[in-house]
Amino acid sequence: AKSGELPLRVENPTQGSYTRLGEFYAPANLADGNGSQFIFGTSADPGNAAEWRFKYKANGNPENRGELAFFGDVTPVISYLRGGNVGIGLTAPQSKLHINGSTNQQASGETLLTLQAAYDSGTPGSGGAIKFTNNKTTADAAAIRTYTTGATGAVSMSLQTGYGTGNLQDRLTILNDGKVGIGT
């Protein structure tokens, strides 16, 4: 490519469809554990490029996986199995989302997941929730909810249930000041 030109340029005049940019196969690479990779970045030095990898288990196997990793790292940042499981920091996730923490031992424990909601201290009740639903219906089954209480913006937490009622109810509440309520 000339200076200022892209080596590859693809335009898609049809909106709303996918444009196939290419196909990369290694049909002779069919042994368990073999795969293919696409490397992109600034240099072929550890940490300066990323890899998009495919690891083969067997033909059509739900354990065939895609991986995103930094060049030179054996363990990928993210693995996703054909069967639908996604792993962060491991290659064989055992659930829909499986997060593997570091081996560092911390007295306070390790934060593995952070969920951030937009709280408004001036609006009591604002906050966030993790909802559990039934995959056969849109009805909420349960929730873990955090919300602001009062004008100070203090955050409290409640566990809610009420599947089939159309309205989740607080079953266990922990207020910001440590008070606990059950069924209130």
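This write-up is about the structure you can find in this document. (Residues numbered from 1 in each chain as written. Predicted model: local features only at pLDDT ≥ 70, side-chain atom pairs only at ≥ 80, totals over all residues. Heavy atoms only, no water.)

## Section: the overall build of the protein
Turning to step 1, where the next piece is worked out: Looking only at helices and strands, the protein features 0 helices and 11 strands.
Turning to step 2, where the next piece is worked out: A burial count over the protein gives 18% of its 184 residues as buried.
Turning to step 3, where the next piece is worked out: Here the analysis covers contacts within the protein between residues at least 6 apart in sequence; of these, 12% occur between residues at least 24 apart.
Turning to step 4, where the next piece is worked out: Summing over all exposed atoms, the protein offers an accessible surface of approximately 13,600 Å²; the carbon and sulfur share of this is 54%. (Helix = DSSP H or I, 4+ residues; strand = E, 2+ residues; numbered from the N terminus. Buried < 20%, exposed > 50% of the residue type's maximum accessible area, 1.4 Å probe, protein only. Contact = heavy atoms within 4.5 Å. Areas by Shrake-Rupley, 256 points an atom, 1.4 Å probe, with all protein chains shown as cover.)

## Side note on the sheet that holds strand β7 (residues 127–133)
Turning to step 1, where the next piece is worked out: In spatial order, the strands read β7-β8-β9-β10-β11; together these 5 strands make up an open sheet with antiparallel pairing. A single partner strand is all that each edge strand has here, and the edge strands are β7 and β11 (180–182). Across the sheet, the axes of successive neighbouring strands diverge by a mean angle of 25°, strand direction being ignored.
Turning to step 2, where the next piece is worked out: Bridge count between β7 and strand β8 (residues 140–149): 7 bridges; the pairing is antiparallel. Residue I130 lies in a different strand from β8, and its bridge partner there is I144. (Pairing = 2+ DSSP bridges. Axes fitted to C-alpha atoms, helices over the stretch in contact; angles between N-to-C directions.)

## Let's talk about the sheet that holds strand β3 (residues 65–70)
Turning to step 1, where the next piece is worked out: Judged by pairing direction, the sheet is mixed, and its 6 strands sit side by side in the order β1-β2-β3-β4-β5-β6 without closing on themselves. In this open sheet, the two strands that pair with only one neighbour each are β1 (35–41) and β6 (97–99). On average, adjacent strands in this sheet sit at an angle of 15° to one another, irrespective of strand direction.
Turning to step 2, where the next piece is worked out: Inspection of the sheet shows strand β4 (residues 78–81) paired to strand β5 (residues 86–88) by 3 bridges, in the antiparallel sense. Looking at β5, one finds that I78 is bridged to I88.

## Observations concerning the layout of surface pockets
Turning to step 1, where the next piece is worked out: Considering only enclosed or pocket space, the second largest pocket measures out at about 200 Å³ in volume.
Turning to step 2, where the next piece is worked out: As for the second largest pocket, its lining consists of L115, Q116, A117, Y119, G128, A129, I130, I144, T146 and M157.
Turning to step 3, where the next piece is worked out: Among the elements of the structure, β7 and β8 are those that each provide at least two residues to the lining of the second largest pocket.
Turning to step 4, where the next piece is worked out: Take the lining of the second largest pocket: its biggest share by element is 3 residues, from β7.
Turning to step 5, where the next piece is worked out: Residues that form the lining of the second largest pocket fall into these classes: 7 nonpolar, 3 polar and no charged. (1 Å grid on protein atoms, 1.4 Å probe; cavity = no way out; pocket = protein on both sides within 12 Å on 5 of 7 lines; lining within 4 Å. Points joined across faces, edges and corners; volume = space filled by probe spheres on them. Nonpolar A, V, L, I, M, F, W, Y, C, P; charged D, E, K, R; others polar.)

## Comments concerning the pattern of salt bridges
Turning to step 1, where the next piece is worked out: All chains considered together, the criterion is met by 5 salt bridges.
Turning to step 2, where the next piece is worked out: Close ionic contact of E51 with R53 constitutes a salt bridge, the shortest N to O distance being 3.1 Å. For the pair E51 and R53, one class covers both residues: buried.
Turning to step 3, where the next piece is worked out: Here R53 makes a salt bridge to E67, at a shortest N to O gap of 2.7 Å. Here E67 lies in strand β3 and R53 lies in strand β2 (residues 49–55), a separation of 14 residues in the sequence.
Turning to step 4, where the next piece is worked out: Via salt bridges that share partners, E51, R53, R65 and E67 belong to a single interconnected network. (Salt bridge = Lys/Arg side-chain N within 4 Å of Asp/Glu carboxyl O.)

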